[in-house]
Structures are given as C-alpha cells and as structure tokens.
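A look at the structure
So you can see what is in the structure, the chains are spelled out below.
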Amino acid sequence: MQGNVHHADASTFTTADKSEVYETAISSAVALFESQRFWATNLANAASLMWHAFDALGMHVNWAGFYVVQPRRLQKPSDADTEGDKEVAEDKRVGKRTLMLGPFMGKVACQIIIFGRGVCGTAAEAGTTVVVPDVEKFPGHIACDGSTKSEVVVPILDDAGAVRGVLDVDCLVVDGFDETDVQFLESLAGLIGRSCEWDL
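What you see is a predicted model, and the numbers here were worked out from it, not measured in a lab.

Moving on to the sheet that holds strand S1 (residues 61-69). The six strands lie next to each other as S3-S2-S1-S6-S5-S4, forming an open sheet whose pairing is antiparallel. Each edge of the open sheet is held by one strand with a lone partner, namely strand S3 (112-114) and strand S4 (130-132). Across this sheet, the average inter-strand angle for adjacent strands is 25 degrees, counted without regard to direction. Pairing analysis gives seven bridges linking S1 to strand S6 (residues 163-171), with the strands arranged antiparallel.

A word on empty space enclosed by the protein. Evaluation of the coordinates by the stated rule reveals two cavities of 30 Å³ or more. One number sums up the size of the largest cavity: a volume of about 150 Å³. Along the walls of the largest cavity sit 18 residues, with Ile142, Cys144, Glu151, Asp168 and Asp170 positioned nearest its centre. For the lining of the largest cavity, the secondary-structure elements that each account for two or more residues are S1, helix H4 (118-126) and S6. The greatest single-element share of the lining of the largest cavity, amounting to four residues, is contributed by H4. Residue composition of the lining of the largest cavity, grouped by class: nine nonpolar, four polar and five charged. Taken as a whole, the second largest cavity encloses approximately 30 Å³ of empty space. Together, Trp63, Lys107, Val108, Ala109, Cys144, Asp145 and Asp170 line the second largest cavity.

What counts, and at which threshold
Residues numbered from 1 in each chain as written. Predicted model: local features only at pLDDT ≥ 70, side-chain atom pairs only at ≥ 80, totals over all residues. Heavy atoms only, no water. Pairing = 2+ DSSP bridges. Helix = DSSP H or I, 4+ residues; strand = E, 2+ residues; numbered from the N terminus. Axes fitted to C-alpha atoms, helices over the stretch in contact; angles between N-to-C directions. 1 Å grid on protein atoms, 1.4 Å probe; cavity = no way out; pocket = protein on both sides within 12 Å on 5 of 7 lines; lining within 4 Å. Points joined across faces, edges and corners; volume = space filled by probe spheres on them. Nonpolar A, V, L, I, M, F, W, Y, C, P; charged D, E, K, R; others polar.

Rendered as structure tokens:
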C-alpha cells in the first residue's frame with residue numbers, strides 16, 4: 001500500500017454491492033500481499049478483509065479466519081484440545097495430521113482440529129471446498145460456537161497442490177452463503193496459497 005493510502009483503508013468498503021465489495025477485497029489483498037510473504041501476516045490481513053467485507057454487506061458472519069496445518073515436528077499426543085475427546089487424543093497419538101488455529105476475527109475458537117473431523121477437517125482431508133447450509137445436518141460438526149448455523153470451509157493449497165490450511169467462515173443464519181460468496185472465498189484462498197511462504 002503506497003502513497004496517501006493507509007493500510008486500514010483496505011478494510012473500508014463504500015458500497016453494498018456484493019460483487020464490488022468482493023472485487024475490492026481481492027484487490028486489497030493483492031496489494032497487501034505484494035511485498036509480504038509471511039503466512040501469519042497475510043492470514044491476519046485476509047481475516048480482517050473478510051470480516052469487514054461481510055459487515056459491509058450486512059451478512060450475519062460470526063467467525064472468519066484460518067486453521068493451518070500443524071507441522072508433524074510440533075505435533076505431540078499431549079497437545080491440548082478443546083473437545084476433551086479420547087478419540088482426538090488417539091488420533092494424535094497415531095500421527096494423524098492436525099490443523100492449528102490461525103489468525104481470525106470473532107469469538108475464541110477451537111485450537112486443534114484433526115484432519116477428517118468436522119467441516120474444517122473434512123475440507124482439509126479432501127482438499128475441496130465444503131459448504132454446509134445447516135451445520136445441524138453435518139455429521140460430526142464441531143461446534144466451537146453453538147450459535148453458528150451455516151459454514152463454508154475452503155482449503156488453502158500451495159503451488160505444489162499441498163494443503164497448507166483452510167479458510168473458515170461461520171454464519172448465524174441457515175443458508176448464509178450463496179455461490180458468489182463461495183467464489184469470493186475460493187479466490188481469496190487461492191491468492192493466499194500463491195502469496196505465502198509456508199515454512200511451518
């Protein structure tokens with residue numbers, strides 16, 4: 001960001017037109033990531049951009065952020081998890097891959113999610129976007145916030161196609177996301193995957 005433009009200006013949206021808001025958010029992300037490759041910095045700014053974009057559109061988003069793949073060298077069976085679940089502890093013991101909480105906007109969230117569990121773990125394991133119109137109907141949904149009604153999770157892939165994390169957005173209403181929302185999130189996740197050094 002150069003000239004008289006302040007970084008915080010990237011979070012200001014002057015229209016309620018969804019396509020324009022999302023186009024502006026992607027343009028702002030491109031400018032913010034241009035000279036920055038550190039994944040945590042870029043995810044933090046992306047979380048803010050999403051949060052303010054959804055707010056400008058009057059959407060009832062209650063959480064927007066990221067989980068990143070935990071390096072195996074840091075993974076140990078004794079890691080605390082928010083579920084207190086013996087199955088989770090066993091998954092860790094046998095070396096299943098895990099996601100760690102990354103930068104986000106919203107309430108305090110689950111810290112560790114096992115690949116294949118919940119919406120985030122399912123998207124990470126499959127490497128594909130998962131849209132859940134009603135979380136009550138998703139088998140094994142992990143309720144970090146009981147007020148969440150719908151969710152979208154998009155995997156973040158690096159240049160080699162490896163999953164490096166997931167972008168996760170929760171909404172307070174059933175069917176809270178449409179195709180335009182999903183396309184925006186997939187574009188943002190793709191940009192993040194290409195713009196970060198993933199030296200975790």
